Amino acid sequence: MKILILSNIGTGLYSFRFELINRLLEENEVIVSFPADNKYDNKFIKMGCKFIDINVRRRSINPSQDIVLFFNYFKHIKREKPEVVLTYTVKPNIYGGMVCRMCHIPYLVNITGLGSAAGAGGLLGKVVMALYKIGIKGAKCVFFQNEKNMKLFLKEGMLHNNYLLIPGSGVNLEHFLLQEYPHGETIEFVFISRIMKEKGIEQYLDAAKFIRKKYPYTRFHICGSYEEDYKYKLEEYQKHEIIIYHGLVEDMREILKKVHCTIHPSYYAEGMSNVLLESAASGRAIITTDKSGCRETIKNGITGYLVKEKDSMDLIEKIEKFLTLTWEEKRKMGLEGREHVKKNFDRNIVVNAYVNQIKLIKDRKRANECKKEN
């Protein structure tokens, strides 16, 4: 079969769908589409995929740009004639889904999170949900990464026995192996994310400033690219040795090897936090928000701590609580976290769910072809 995959960025597709795409390439022709970046497009081509450059402005709310995206999807889908389309992230889900429905092509949608617009509510959120209702209407299956999003879509009457709850993107337990817990005189924390307000960067910086002053043996790392104008603030905090900024890190295992705990105070409309899954798989304690897409990855008090949204003081209290633990207690949190994701978030669960749905589509196609022959 010819399978087309639509996404808004190459890095996420490669990091979280690599195993699925590799599996699909065993028996199918696979085409991937996202905005060209001269890096991940080449990685997919080397894997054996065909690449199509379609610009997706992720954070834009300009209707004219979305209309252009819709017609770009229409043009390429009509030309390629895929037999199955997989869509990821908001705009590919909506506009790719609309085109597939118009062209009578089976498609599978993955709700990776509702994004800033839908998550914020208000008029814009209502518009996004209305568009989603149209985009997913003809989907053969809608995959949800957390129960809250699934219940919302059910409440809105947008699903009809064509949905499945999966454990986020899952985590590759062979790639993110259990790492030796670090010794040393310092206790190291890390924030791994796009650097944007909704991911909790303000709360992390507040906590780092307070904790570093009170506990000089602590270190606070930040890994990720800018999504908002935090350049000067990070430079200022680094200048005063409050944080250590690494920029975008390609292999997070090298960072996780050195740290004791990952902090993810996000209040973004997450699907399921890959940062937390990868950290827990590596045997690191986690401190994160008591919010859907984050809370599922943690056993509160056992593998880490939950904090309130947008609450710097609560985050500071939980960091101090973590600091009072012995080395062995910190290490045990990480070991418990590894077991939790091993049991519930193995990426093979996600890959198999997709393979099964594609097999159903193949079987239906064969059955229809047999009917026509007879």
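Residues numbered from 1 in each chain as written. Predicted model: local features only at pLDDT ≥ 70, side-chain atom pairs only at ≥ 80, totals over all residues. Heavy atoms only, no water.

Participant: Any details on the overall build of the protein? Residues and values, ideally.
Facilitator: Broken down by element type, the protein carries 14 helices and 13 strands. Relative to its length of 374 residues, the protein is compact, with a C-alpha radius of gyration of 21 Å against a globular reference of 21 Å. Taking the principal axes of the C-alpha coordinates as reference, the protein spans close to 75 × 40 × 40 Å. Within the span of the protein, comprising 374 residues, buried residues form 55% of the whole. (Helix = DSSP H or I, 4+ residues; strand = E, 2+ residues; numbered from the N terminus. Rg over C-alpha atoms; globule rule 2.2 N^0.38 Å. Buried < 20%, exposed > 50% of the residue type's maximum accessible area, 1.4 Å probe, protein only.)

Participant: Just give me the short version of the sheet that holds strand 1 (residues 2-6), but keep the residues and values in it.
Facilitator: Reading across the sheet, the 7 strands line up as 3-2-1-4-5-6-7 and stay open at both edges, with parallel pairing between neighbours. Each of the sheet's edge strands pairs with one partner strand only, and the pair in question is strand 3 (50-53) and strand 7 (163-165). Within the sheet, the average angular offset between the axes of one strand and its neighbour, ignoring direction, is 20 degrees. Sheet topology note: the strand 1/strand 2 (residues 29-34) ladder contains 5 bridges and is parallel. Across the sheet, residue Leu4 finds its bridge partner in strand 2, namely Ile31. Where helix 7 (residues 147-155) meets the sheet, it contacts strand 5 (107-111), strand 6 (141-144) and strand 7, and its direction lies at approximately 160 degrees from that of strand 7. (Pairing = 2+ DSSP bridges. Axes fitted to C-alpha atoms, helices over the stretch in contact; angles between N-to-C directions. Contact = heavy atoms within 4.5 Å.)

Participant: Tell me what's going on with the sheet that holds strand 9 (residues 218-223), and back it up with residues and numbers.
Facilitator: Across the sheet, 6 strands lie side by side as 10-9-8-11-12-13; this open sheet has parallel pairing. Across the chains shown, the open sheet's two edge strands, defined by having one partner strand only, are strand 10 (244-247) and strand 13 (304-307). Mean inter-strand twist for the sheet, computed between neighbouring axes without regard to direction, equals 20 degrees. Relative to strand 9, strand 8 (residues 187-192) runs parallel, the two being bridged by 6 bridges. Within the sheet, the bridge partner assigned to Phe191 lies in strand 9 and is Ile222. Where helix 11 (residues 274-281) meets the sheet, it contacts strand 8, strand 11 (261-264) and strand 12 (285-289), and its direction lies at approximately 170 degrees from that of strand 11. The sheet contacts of helix 12 (residues 312-323) involve strand 8, strand 9, strand 11, strand 12 and strand 13, and relative to strand 13 the element is tilted by about 165 degrees.

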